[in-house]
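# Working through the structure, step by step
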Amino acid sequence: MSGTPNEACATCPAFNAGHLTRLGIDLSNVDFVVALAGNPNTGKSTVFNALTGLRQHTGNWPGKTVTRAEGGFAYSGKRFKIVDLPGTYSLLSTSADEEVARDFILFGKPDVTVIVVDATRLERNLNLVLQVLEITDKAVLCVNLIDEARRHKMEVDERTLARELGIPVVLAAARQREGIDQLLKSMFEVATGAVVCKPRRVQSIPPAVAKAVDRLTERVAGFFPGLPNARWVAMRLLEGDQRMIDAVESGELNTLLDQAQRPAENQQARVADTV
Amino acid sequence: MNSTFVLIVLLFLLVVLLGFVFWPGKGIVPRMLLARKEKSRAHLEDVLKHAYDCQYRSVACTVESIAGILQTSIGNASQLVTRLESMGLLERDGSALHLTSDGTSYALRIIRIHRLWERYLADETSVREADWHRYAERQEHLLSPADANALAARLSNPQVDPHGDPIPTATGEIPIVPGRLLTALEEGEFGRVVHIEDEPPEIYAQLVAEGLYPGLQLQMIQRRPDYVRFEAEGEEVLLATPLARQVSVTLIPEERRKRGPFATLTAVESGRAVVVTAISRACRGQQRRRIMDLGIVPGTRVTPELDSLTGNPRAYLVRGTLVALRKEQTDQIFVEPDAGVA
Amino acid sequence: MSTTDLKNPSSSPTASLLTEANALRWEMGEEYHDSLMEGIYEDAARIADRSVTRSGERRRFNLDRAIDHLVTSKWTGFPFMFLVLAVVFWLTVVGANVPSGLLADLLLDTVHPMLKGAMQSVGSPWWLTGVLIDGAYLAGAWVVSVMLPPMAIFFPMVTLLEDFGYLPRVAFNLDALYRRAGAHGRQALTMTMGFGCNAAGVVATRIIDSPRERLIAIITNNFSLCNGRWPTQILIASIFVGAMVPAHFAGLVAAGGVVVIAVLGVALSLVVSWSLSRSVLRGEASAFSLELPPYRPPRILQTLYTSLIDRTIIVLWRAVVFAVPAGIVIWLVGNVTIDGVTVAEHFVNWSNPFGLLIGLNGVILLAYIIAIPANEIVIPTVLMLTVLTSAINGVGAGAGVMFEADSTVATAEILRGGGWTALTGICLMLFSLLHNPCSTTIFTIYKETGSVKWTALATLLPLGMGFVVCFLVAQGWRLIAGG
Ligand SMILES: Nc1nc2c(ncn2[C@@H]2O[C@H](COP(=O)(O)OP(=O)(O)O)[C@@H](O)[C@H]2O)c(=O)[nH]1
Ligand SMILES: [Mg+2]
C-alpha cells in the first residue's frame, strides 16, 4: 500500500506492527521528531493516538483540536517524538493555529512531516499539502479515511500521487489501524534519509505574481545559499510575515541551512546520543 | 458577640471602600488624575496630527484652525501650541505653524497607530465601518509604539489602511500611493479604487453607502463637469463631482480586469452549479482568507445544497465538501452560470 | 548605540532584501495572496484529477444528503434537534437511577461505616476520623455515586452524535439565531462542549477567529448546564417537579423540567450575547464559515470505551479532587463553633433573610460558596446543612457529615423538613443554571482572555442574573400564590 518503489520488504518481520512500541508521554532520548499536519477533521489525532497510545480528543467536526499535543513511540529501535498540530486549511493566513503549524514545520525542523489528508476530499486537502511541500522536503502523505473513499466508490491511486508530489504516499484507515505499519515504515525511511523526497513545488502561480516571487527567491537564495526553501521564505516575506522578517534579520534562517547541508553528521550525533 | 461581628464586617467594608477609592493605579482618585493627564496628552497629539494634515494638504496651520479642529477656545489652543513649542515639536513662523522634524515623526507615529487600528478593526473584528474612525481616534493616544509594532506584526505588516491610506512604517517612512482622482478617469476606462478620503465623515458615509470601497473595479461611463457616472459590480452609480473628488483610482490593465456579469452567489437557486468569477474586495482580512482557504477562488465550481430555517446560512458544495456560509459572505462572491452544465 | 544599530533594518546586511520585498508588496498589493491561492488550487485540482477515479458515487452522496435534509430543513431541523436533546436527557435521567442507588449503597452505606470502624479500631482521634472519613471520603464517594452513572450514559451518547457528524449541523441550524444575537455560529459548537464541561467549552472557543465574538462565546458559555449541575437539576426536578404529576409520568416530567432549564440556558446565552453585542462588545455578526463533514458511521463499542476513559474518568477525577478538600471544609464549618454555635449556623442565620427574598435560603447560599471549586457537591452540602440547622433528629450521620439520603423520598422529607417548598426547588434549579462558574472555569477564562475585567464580568454577570431571576420568580410566585 505504498507509493514508494521499494516494497520488497513489505512482508518481512521488521515492518510488522509488533515493532511499534507506544511510549505515551515518555519523550526522553528521542532520535527523531515527527510533525503531524493536515486539514481539520482528517484523522490526525486518530493517527496520533494509534501511534502513541494516548487519547487525544477525536470527533467528527472541524476545530476540536485547539492545542498542540506531543507523544512518543519507538519503531525499529528508534525513538520518535510526534507532535499533533492543530488542523488548518492553509498555512498562508494569519490565525494563531496556522502560526503554530507553520512555525513548527519550518523552525521546529521536524525530521519528517506527516501530512494527513481526507481521501474523499483530496482536492481541497492538496492545497495544504502543496504549501507544506514548499516548506519541507521531508514529508510523507497519509491518505486517511480510505475506507470512506471506498464506500463512496472512489479510488485513490497512490502511485500517481507519489509521482506527482515526489514524496511517499500511504493509504490508510487510521481508525481501523489499516496502513499504520506502512506509514511507520515510510516515516522511518524519510527520517533516516533512506528515502530522499523530491517534493513538487507549486507550478501554476499566475505570471504577474510569479515574476515577483521568482525575483525575491533569487535574492533570498543569494543571501542564504543552499537554503532548501528559499521560495517559501520569499512567499512569506511578500505576505509581510513578521516571524519570517525576524528570522531574516536575526540570521535564524542560517540554522535551517546548516541542517540541510549536514544531514549525515546530524544523524551520527543522534546515534551517539542514544548509545 | 454579635456586635463585634458587625463591627468587624463594617471595618472590613471600610477598608475595601478606601482601597477602592485610593488604591494606587486602580482606585478612583488615581484613575481620575491619570485620565486628566491622558486627556491633555491626547489634545497635544491631536494638534500635531492636525499640523501634519495641513502640511500634507499644503494649507496653513494656525492657532485658529487648531481651536476649530479641537472645538476649544483660542486661548486653550495657543496654550497647547506654546507647550508644543517648548517641547520642540512645533515652530512658529509668523502666524503659521510648522512641525519640526521631531514633531513630524511624532505625528507619523500617531497616524501609524490610527491607521493600523482601523486596519485591525476592518480585518479582524466585526466592528462596523462607521465606528472604525471613532475607535481609532481613541486608540491612537493609548497604544505605545511597541504595542503598535506588535499589532502590525500580528496583521502581517499591512501597508494601507482600509480607506487606502498608506500606513507609516515604524521608522517613520510614508510611501506615496499612486493614483489619480476619479474625476480624471476617461470615459470607457477601467479603474480600481485605491483611496477614499475618510474625512469629513458625512461625505465618507455617503460614499460607503454608494457601495465604494478600496479595491472596487469600475468603468467610467460618462464624465461631466458636475457629475460622473460609472459602472461597478453590475450597477450604475452617479456621483456629484465634489464627492467623486474624494476618490482616487488607478488604471486596471486589460488582463487584470474582473469579468462580469456580477451575479452574487446568494441569488443562485439551490442545486444549480455556478462558477466563481471574483470575490469582492469588500470582503477583507481574515474573512477573505477563510473563504479562500475553504477552496473558493475564482474558477471554483460551487453548488448551493442546503437551506437552513431562514435561508441564511446556506451550505454549498465546494470541491466535494459541504461548506456553510452566511448571506453576508455570499453577497460578496460573484458567480456566473457553469458552462459545463448550462 | 550598537544595539540600536542592529535593530535598525537600514543598517543590517539583509536590509536590502527586506526593502525589495516591501517594494514588491507595494507593486502587487492585495492581488498577491489571491493569485497565489488560485495558483495552488489549480495545481491541486490537476493532481486530484489525475489520481482519483470515481465510479457511481452518486448513490452514496444521496444518502448523506437525505440525512442532511432531515436534520437541517425548515420543517424538521428544529423538531429533530429537540427530540434528540429530550431523548438524551430522558435516557440519562431514567438510566442513571438504578446504578446510582447501587453505588450509593456500596460506597456510602457499606464502605463508609467499615472505614470509620477501621479508623476507630486503630485509635485515630475523633476529629481526624471526622475530617478524613466523614469529610473527605464521603464527599468523594458521593460525587462518584451521583455523577458516574449519568456521565457514563450521557458522554457516550454525545460522543456517538459527535462521531456521526451531527454537531456541525446543530451549529448550522442555530446560526441564524446567533447571527441575530451578533454572535458567531460556531458558538453553538462551544456551547455544546459546555454541556460537558464549561472549562472545556471555554477552551473550545479558540475555533472562533474574531476576538469580539470569541469573548461573547466565553462569557456566555456558563449558560450551558455542565455535568456538575445535572445531578442537582435531576434530583430537584424529581422531588419538586416530578411530584406535581402522577407517579408514572414523574420521570418524563422531571426530564422535561431539566430540558426546559437547559433550553432556557441556551435562550439566555442568546439574550446575553445580543445585549453584549449592543453594549460593551458592540459590533455586527461577522463571517461564519463551517465545514459540514460527511456522516461517518460511529464505532459503537470503541466509542463507549474511549468516551468512558477520555471524558468520564477525567471529569470525574477532577470532581473528586475538588470534592475532597470541600468535604473537609464542610466538616469543619459544621463542627467548629464560635460562642457555642457552629460557623455554618452563624452564616446560615445571617444570610437566611436574603436567601428567602430570592426564593432560596441561607443553607443554599452557603452551599454555593463552599461549592465554588466544584458544582457537584451542592446537593450533599445542602442536605448536611439543612439537617444541621433545622435540627431534625434521626436522619444524617452526625454533624458535618455529608451523606446521600437513601432515596429521593427521604431527601424530599429532609428538604421539606427544612422548610422547602416547590418554589425553593424551582429557584434552586434556576440558581443552579444562573450563578458564577466553578473555579476551574474562572481560571480557564482568565487564562484564555488574559483579562481580569472580562473574567470578572463572566463570573459576576450570571450570578447577578441568578439573583434577579430568582427574586422575580419568588416575588411573582408569592403574589400569585398569595404567600
Ligand atoms: N471511517 C473512518 N473514520 C475515521 C478514520 N480516521 C479518523 N476517523 C474519524 O474521523 C473523525 C476525525 O478524526 P480526528 O482524529 O479527530 O481528526 P483531526 O481533526 O484531524 O484530529 C473522527 O470521528 C474519527 O473517528 C478512518 O480511517 N476511517
Ligand atoms: Mg485533532
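Residues numbered from 1 in each chain as written. Chains lettered and ligands numbered in written order. Predicted model: local features only at pLDDT ≥ 70, side-chain atom pairs only at ≥ 80, totals over all residues. Heavy atoms only, no water.

## Here we look at the environment of Ala232(B)
All names here are of chain B. The test is simple: The helix count covers DSSP runs of H or I at least four residues long, the strand count covers runs of E at least two residues long, and both are numbered beginning at the N terminus. Think of it in three bands: with a 1.4 Å probe and only protein chains considered, a residue is buried below 20% of the maximum accessible area for its type, exposed above 50%, and partly exposed in between.
Inspection of the secondary structure puts alanine 232 in strand S6 (residues 227–232). Alanine 232 gets classed as buried once you look at its relative accessible area, which sits at 9%. Along the chain, alanine 232 and arginine 109 lie 123 residues apart, while their C-alpha atoms are 35 Å from each other.

## Looking at the pairing of strand S14 (residues 333–337) of chain B
Residue and element names in this part refer to chain B. The test is simple: A pair of strands is considered paired only if DSSP assigns at least 2 bridges between the two.
Taken across its 5 residues, S14 has 4 buried, putting it largely inside the fold. Here strand S9 (residues 263–264) runs beside S14; their pairing, made up of 2 bridges, is antiparallel. Among the inter-strand pairings, alanine 263 is bridged to a residue of S14, identified as valine 335. When strand S10 (residues 274–279) meets S14, the two strands line up antiparallel, connected through 5 bridges. Along S14, the bridge assignment pairs isoleucine 279 with isoleucine 333.

## Things to note about the sheet that holds strand S8 (residues 169–171) of chain A
Across a sheet, paired strands are connected by hydrogen bonds in the backbone, their directions being either parallel or antiparallel. Residues and elements named next belong to chain A. Rules: Throughout, an axis means a line fitted to C-alpha atoms (over the contacting stretch in the case of helices), and angles, computed between N-to-C directions, take values from 0 to 180 degrees.
In space, the 7 strands of this open sheet follow the order S1-S3-S4-S2-S5-S6-S8, with mixed pairing throughout. A single partner strand is all that each edge strand has here, and the edge strands are strand S1 (20–24) and S8. On average, adjacent strands in this sheet sit at an angle of 25° to one another, irrespective of strand direction. Here 5 bridges tie strand S2 (residues 32–38) to strand S5 (residues 112–118), and the two strands are oriented parallel to one another. Opposite leucine 36, over in S5, you have valine 114 as the bridge partner.

## Quick notes on the interface of chain C and chain B
Keep this limit in mind: Should any heavy atoms of two residues lie within 4.5 Å, those residues are considered in contact. Here the quantity called buried area is the accessible surface, traced with a 1.4 Å probe, that two parts lose on coming together, added over both. Any carboxyl oxygen of Asp or Glu within 4 Å of a side-chain nitrogen of Lys or Arg constitutes a salt bridge here. We define a polar contact as two N or O atoms separated by no more than 3.5 Å, with the added condition that, inside protein, one atom must be a possible hydrogen donor and the other a possible acceptor, whereas residues neighbouring each other in sequence contribute only through side-chain atom pairs. In this classification, Asp, Glu, Lys and Arg are treated as charged, Ala, Val, Leu, Ile, Met, Phe, Trp, Tyr, Cys and Pro as nonpolar, and every other residue, Gly included, as polar.
Every contact between the two is made by 46 residues of chain C and, on the other side, 51 residues of chain B. Of the roughly 4,500 Å² buried between chain C and chain B, counting both surfaces, carbon and sulfur atoms make up 54%. Summed over the three residues of chain C that lose the most area to chain B, namely Trp26(C), Tyr41(C) and Phe172(C), the buried surface amounts to 16% of that side. The tally of links from chain C across to chain B stands at 6 salt bridges. Ionic pairing is found between Asp34(C) and Arg281(B), a salt bridge with its closest N-O pair at 3.2 Å. Between chain C and chain B we count 17 residue pairs in polar contact (both at pLDDT 80 or more) in total. Among the elements of the structure, helix H2 (15–28), helix H3 (31–51), helix H4 (58–72), helix H7 (167–180), helix H10 (211–220) and strand S2 (289–292) of chain C are those that each provide at least two residues to the side of chain C that touches chain B. Of the residues belonging to the side of chain C that touches chain B, the class tally is 15 nonpolar, 12 polar and 19 charged. Bridge analysis of strand S13 (residues 321–325) of chain B against S2(C) gives 4 bridges, and the strand direction is antiparallel. From the neighbouring strand, Ala324(B) faces S2(C), where its bridge partner is Leu290(C).

## Considering the side chain of His163(B)
All names here are of chain B. In this fold, histidine 163 is placed in the loop between helix H7 (145–154) and strand S3 (180–181). Residue class for histidine 163 comes out buried when judged on its relative accessible area of 2%. Among the polar contacts made by the side chain of histidine 163, one reaches the side chain of glutamate 118 at a distance of 3.2 Å. Looking at histidine 163, its side chain comes within polar contact range of the side chain of tyrosine 204, at 3.1 Å. With residues near it in sequence (within four places) discarded, histidine 163 still touches Glu118, Trp132, Val194, His195, Ile196, Asp198, Tyr204 and Pro214.

## Remarks on the domain arrangement of chain B
Our working rule: The source of the domain bounds is an automatic or database domain assignment.
Domain assignment breaks chain B into domain 1 (28–99), domain 2 (180–254) and domain 3 (265–337). For domain 1 of chain B versus domain 3 of chain B, the separation of C-alpha centres amounts to 49 Å.

## Remarks on the packing of helix H1 (residues 44–52) of chain A against helix H6 (residues 180–192) of chain A
All names here are of chain A. Quick reminder of the rule: In what follows, roughly perpendicular refers to angles from 65 to 115 degrees, roughly parallel to angles under 35, roughly antiparallel to angles over 145, and oblique to any angle outside these ranges.
At a closest axis distance of 11 Å, the pairing of H1 and H6 adopts a crossing angle of 85°. Taken as axis vectors, H1 and H6 run roughly perpendicular relative to one another. Between H1, through Val47, Ala50 and Leu51, and H6, the contact on the second element is made entirely by Ile180, Leu183, Leu184 and Met187. Its residues assigned to classes, the contact of H1 with H6 comprises 7 nonpolar, no polar and no charged.

## Structural notes on the packing of helix H5 (residues 101–124) of chain B against helix H6 (residues 129–139) of chain B
Residue and element names in this part refer to chain B. Selection rule: In this scheme the handedness of a crossing depends on how the near helix is turned from the far one: anticlockwise by less than a right angle means left-handed, clockwise means right-handed.
Closest axis-to-axis distance for the H5/H6 pair is 8 Å, and the angle between their directions is 135°. When the interaxial angle is binned, H5 and H6 end up oblique. Seen along the crossing, H5 lies across H6 with a hand that is right-handed. When H5 is examined against H6, the residues Ile113, His114, Trp117, Glu118, Leu121 and Ala122 are found in contact with a partner set consisting of Trp132, His133, Tyr135, Ala136, Glu137 and Gln139. Here the residues of the contact of H5 with H6 are counted per class, giving 7 nonpolar, 3 polar and 2 charged.

## Brief notes about the pairing of S2(A)
Both faces of the sheet carry side chains from a regular strand, because those side chains alternate between them. All names here are of chain A. For S2, the tally of buried residues reaches 7 of 7 residues, placing the bulk of the element in the interior. Side chains Phe32, Val34, Leu36 and Gly38 project from S2 onto one buried face, and the interleaved Val33, Ala35 and Ala37 project onto a second face that is buried too. Pairing of S2 with strand S4 (residues 78–84), which is carried by 5 bridges, proceeds in the parallel orientation. Following the sheet pairing, alanine 35 is matched in S4 by valine 83.

## Some remarks on the sheet that holds S10(B)
Strand order in this open sheet of 7 strands is S9(B)-S14(B)-S10(B)-S11(B)-S12(B)-S13(B)-S2(C), and the pairing throughout is antiparallel. The sheet is open, and its two borders are formed by S9 of chain B together with S2 of chain C, each paired with just one other strand. Contacting strand S11 (301–307), strand S12 (314–318) and S13 of chain B together with S2 of chain C, H7(C) crosses the sheet at an angle of about 140° to S2(C).

## Considerations on unusual backbone geometry
Cis peptide bonds are those with omega within 30 degrees of zero, and the linkage from Asn312(B) to Pro313(B) qualifies with 10°. Its place among the elements puts Pro313(B) in the loop between S11 and S12. Its identity is not glycine, yet Lys153(A) carries a phi of approximately 55°, on the positive side. Note on placement: Lys153(A) falls in the loop between helix H4 (146–151) and strand S7 (154–156). One non-glycine residue, Arg319(B), adopts positive backbone phi at about 45°.

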